[in-house]
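# Understanding the architecture of this molecule
Listed here are the chains, written in short residue letters.
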Amino acid sequence: MDSAIHPGAPRFDADLIRRYGGRGPRYTSYPTALQFHDDVTEVEYRANARASNATGAPLSIYIHIPFCRTLCYYCACNKIVTRNEHRVARYLDNLDREIEMQGELFDAERQVMQMHFGGGTPTYLDTPRLAELIGRLSDAFEFGRANQREFSIEVDPRTVDSRRIAEIADLGFNRLSLGIQDFNPQVQKAVNRMQSVAEIDDLLVAARNNGFRSTSFDLIYGLPHQTRESFEETLRQVVRMRPDRLAVYNYAHLPERFKGQRMIAAETIPSADQKLDILHLTIDHLTDAGYEYVGMDHFALPEDDLVQAQRDGSLQRNFQGYSTYGDCDLIGLGVSAIGSIGSMLAQNSPSTAHYQAMIEDGRLPIVRGIEIDDDDRIRADVIQALMCFDKLDTERFGGEHAIDFHDYFAAEIERLAPLADDGLVSLNEGTIRVTSRGRLLLRSIAMVFDRHLNQTPMRYSKLI
Ligand code: SF4
């Protein structure tokens, strides 16, 4: 991979963002999930997983806990809002069975170096239940050494206190991701997610006292009643707390697709221009406070592993955004989870009823996916390089992939020309370089290399 000095702060250009910030994939994988089809079933997945043992690659696990106690109105996740213990118990039984079935496919010497509990709300589960789940996972897989592995968990601050943070550390987690979104009480009320600054302060103190290697905050801009001034106050609090990483997402209001969003009155949502203004403010505020822009939505402190990985050329784009464990095969567990093993991307059923029925029938709940061919792999590597390092050395890339880059991508280079004219990329001396203006429009640049894009309807999110 083309290692790089850090590409520098992004430059906000409202006009360019208006022109290029339309719908597009987020490229957490290439091909993206919209290209998945139902020819990939359990049978293909099992064969592919067994074959992948020949590489001896380490493993990464994503595990989806879909339950939430209350509904946040902006939410677009695969979740189940319930307090029904029976539903939770049945899901966990099926998850146990899935862990066992998946564990049987992989050689014991392939250690789990990375694990992420996402949701829904993983901390919906109390500590004994989380401990039981970790126990099942460690029975089925070999965990890497504690000081070398990264085990992270998404935490809904409303479900934990300082004691629980200590318990989560005892279970072996070393990274926390806290869903903050916005500290303003009016905004919180409008999205049905109330949590105070003082509570988050306490949790951060607990996380630091319990040796968490890194904490991450999620924020959302474009929520109802947000203004430049109100979000600036949220940013001030965030910067004071100084989490190691920040993900700042755009709220996409799609009430026809996500029922809960119908609780948000459209007229309370900031306009596209106000959102642009809030995004501009966010970038300036965070970069002035010493955060580095890693790429699409993600910021981190200079000493954080993500920034280090960007500097040393090992950063990877993955389903969680960016990651430092790029050499792993990823196993997806739980409803809707996506795995990436060898040359296959595979997804579990997004319907909990179907997911459970398949497992109760003794089958892995894989319902769709895609076999990655050589062309996909080459394009995936181009997109990775641009999204992780903002730069591609075409000669070196061509040598590594046994292609003549300029021949292979003649049409794409032509399509990049207008982006170069507009100042998003520069093309010279065998290098494609994303400019500081283009850094906020990475996916528009990546889309040029996406062979599948015209074959599927545009069901992607907008930048603004
Ligand atoms: S945002 Fe998180 S906690 Fe809220 S409903 Fe969605 S998954 Fe649940």
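For clarity, every value in this text was computed on a predicted model and none was experimentally measured. (Residues numbered from 1 in each chain as written. Predicted model: local features only at pLDDT ≥ 70, side-chain atom pairs only at ≥ 80, totals over all residues.)

Right, let's talk about the overall build of the protein chain for a bit. Counting its regular elements, the protein chain contains 16 helices and 20 strands. Since a compact globule built from 464 residues should have a radius of gyration of about 23 Å, the 22 Å found for the protein chain is in line with a globular shape. Across its three principal directions, the C-alpha atoms of the protein chain cover 60 × 55 × 45 Å. Relative to its full complement of 464 residues, the protein chain shows a buried share of 45%. When contacts within the protein chain are restricted to residue pairs at least 6 apart in sequence, long-range pairs at least 24 apart make up 76% of them. (Helix = DSSP H or I, 4+ residues; strand = E, 2+ residues; numbered from the N terminus. Rg over C-alpha atoms; globule rule 2.2 N^0.38 Å. Buried ≥ 20, exposed ≤ 12 C-beta atoms within 10 Å, placed from the backbone. Contact = placed C-beta atoms within 7 Å.)

Helix H4 (residues 127-140) packs onto helix H3 (residues 85-103) with a crossing angle of 15 degrees between their chain directions and a minimal axis gap of 8 Å. With respect to each other, H3 and H4 are oriented roughly parallel. For the pair H3 and H4, the crossing hand works out as right-handed. Contacts from Leu92, Asp96, Ile99, Glu100, Gln102 and Gly103 in H3 reach Arg129, Arg136, Leu137 and Ala140 in H4. Of the residues assigned to the contact of H3 with H4, the class counts are four nonpolar, two polar and four charged. (Axes fitted to C-alpha atoms, helices over the stretch in contact; angles between N-to-C directions. Parallel < 35°, antiparallel > 145°, perpendicular 65-115°, else oblique. Left-handed = near helix turned anticlockwise from the far one by under 90°. Nonpolar A, V, L, I, M, F, W, Y, C, P; charged D, E, K, R; others polar.)

What follows is about the sheet that holds strand S19 (residues 425-428). Whether parallel or antiparallel, the strands of a sheet pair through hydrogen bonds between backbone atoms. The strand order across the open sheet formed by three strands is S18-S20-S19, and the pairing between neighbours is antiparallel. Looking along the sheet, the strands with just one partner apiece sit at the ends: strand S18 (391-393) and S19. The average undirected angle you get between the axes of adjacent strands in this sheet is 10 degrees. Relative to strand S20 (residues 431-434), S19 runs antiparallel, the two being bridged by four bridges. Bridge pairing links Asn428 to Thr431 in S20. (Pairing = 2+ DSSP bridges.)

Counting 125 residues, the largest nonpolar core has Ile61, Leu246, Leu386, Ile445 and Ala446 as its most contacted members. Examining the composition of this core, we find that eight residues originate from one element, helix H12 (residues 374-389), more than from any other. Setting aside chain neighbours within four positions, we find Leu386 in contact with Leu392, Val434, Leu442, Ile445 and Ala446. (Core = buried A, V, L, I, M, F, W, Y, C linked by C-beta atoms within 7 Å.)

In the region of the ligand, the neighbouring residues are Cys68, Leu71, Cys72, Cys75, Cys77, Lys79, Gly119, Gly120, Thr121, Asp156 and Gly179. Considering only residue class, the shell around the ligand consists of five nonpolar, four polar and two charged. (Near = placed C-beta within 6 Å.)

Residue Pro31 is bonded to the preceding Tyr30 through a cis peptide linkage, with omega at -5 degrees. Among the secondary structure elements, Pro31 is positioned in the loop between helix H1 (14-20) and helix H2 (42-52). For the bond from Gly119 to Gly120, the omega torsion is 20 degrees, close enough to zero to count as cis. One non-glycine residue, Gln181, lies in the positive phi region at around 70 degrees.

Two numbers describe how helix H8 (residues 228-241) lies on helix H9 (residues 272-288): the axes approach to 10 Å, and their chain directions differ by 25 degrees. Considered as vectors, H8 and H9 are oriented roughly parallel to each other. Considering only the axes of H8 and H9, their crossing is right-handed. Of the residues in H9, those in contact with Arg228, Phe231, Glu232, Leu235 and Val239 of H8 are Asp277, Ile278, Leu281, Thr282 and His285.

To continue, consider the confidence of the model for the protein chain. Overall, the predicted model of the protein chain reaches an average pLDDT of 94, with 96% of residues at or above 70. A low-confidence stretch, residues 1-5 (pLDDT under 50), is modelled with 15 contacts involving residues beyond four sequence positions or located in other chains. (pLDDT = per-residue confidence, 0-100.)

Moving on to the environment of Ala33. Position of Ala33 relative to the elements: it lies in the loop between H1 and H2. A count of 18 C-beta atoms within 10 Å places Ala33 in the partly exposed class. On a C-alpha basis, the gap between Ala33 and Met115 in space is 21 Å, while along the polypeptide they are 82 residues apart. In contact with Ala33, other than residues within four places in its own chain, are Ile338 and Gln347.

Consecutive side chains along a regular strand alternate between the two faces of the sheet. Most of strand S6 (residues 150-155) is tucked away, with five of its six residues classed as buried. Pairing between strand S4 (residues 111-119) and S6: four bridges, direction parallel. Directly across from Gln114, in S6, lies its bridge partner Glu150. Examined bridge by bridge, S6 and strand S7 (residues 175-181) share four bridges and lie parallel to one another. Across the sheet, Val155 pairs through a bridge with Leu178, a residue of S7. Considered for its hand, the β-α-β crossover made up of S6, helix H5 (residues 162-170) and S7 is right-handed. (Right-handed = clockwise from strand over helix to strand, strands pointing away.)

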